[in-house]
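Each chain, written out:
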Amino acid sequence: MSGKEESSSKKRSLPQTTTSFPLARVKRIMKEDKDVIQCSNESVFLVSLATEYFLKYFAKKSYGQSQSDKRRTVTYKDIAKVVKNIDQLEFLSDVVPETIPFKKALQKQKEIKGLN
């Protein structure tokens, strides 16, 4: 392999060495978990990178939902629909519930109070 071919293949295979999130803050957040005593710099980097990839995926899906509704702005409804429609995001359903009209919310609240 010539030097030029070797350097171009190296460029393609270089791993990402930076993330969008400050690693010190990610490490501090990770250490908030009582089960985590120590965490290596490599694990902090990987958690940060995984979070970045997850947010890119979530943002793309949410933007795709807004485009399917013929809008260019992502709204809460788009995010809630994505959480509802994609099984892998089901764990977010408590954090990002689907919106309901105020009248229905009042009716549900009255039903719950009636049961107690």
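Here, the structure is the one placed above.
Small disclaimer: the values here were computed from a predicted structure and weren't measured.

Caption draft 1: Expanded view of helix α3 (residues 41–68). Taking 1.5 Å of rise per residue, the 28 residues of α3 would be expected to cover 40 Å, and the 41 Å separating its terminal C-alpha atoms lies within 8% of that figure. In the stretch just after α3, Lys 70 is the one whose phi turns positive, near 60°.

Caption draft 2: Quick look at unusual backbone geometry. The backbone of Lys 70 shows a phi angle near 60°, a positive value even though the residue is not glycine. With respect to the element layout, Lys 70 can be found in the loop between α3 and α4 (76–85). Using a relative accessible area of 75% as the deciding quantity, one classes Lys 70 as exposed.

Caption draft 3: Summary view of the packing of aromatic side chains. This structure, assessed with the given rule, holds 2 aromatic pairs. When the ring of Phe 54 is compared with that of Phe 58, the centres are 5.8 Å apart and the planes differ by 20°; the resulting orientation is stacked. With Phe 54 and Phe 58 both in helix α3 and 4 residues apart, this pair spans about one turn of that helix. Among the residues examined, Phe 58 registers a relative accessible area of 14% and is labelled buried. Arranged with centres 6.2 Å apart and planes meeting at 45°, the rings of Phe 54 and Phe 91 form a pair that is tilted. Taken together, the positions of Phe 54 in helix α3 and Phe 91 in the loop between α4 and α5 (102–115) put the pair 37 residues apart, joining distant regions of the chain. Assessed through its relative accessible area of 29%, Phe 54 is described here as partly exposed.

Calculation rules
- Residues numbered from 1 in each chain as written.
- Predicted model: local features only at pLDDT ≥ 70, side-chain atom pairs only at ≥ 80, totals over all residues.
- Heavy atoms only, no water.
- Helix = DSSP H or I, 4+ residues; strand = E, 2+ residues; numbered from the N terminus.
- Expected span 1.5 Å × (residues − 1).
- Buried < 20%, exposed > 50% of the residue type's maximum accessible area, 1.4 Å probe, protein only.
- Phe/Tyr/Trp six-rings, centres within 6.5 Å; stacked < 30°, edge-to-face > 60°.

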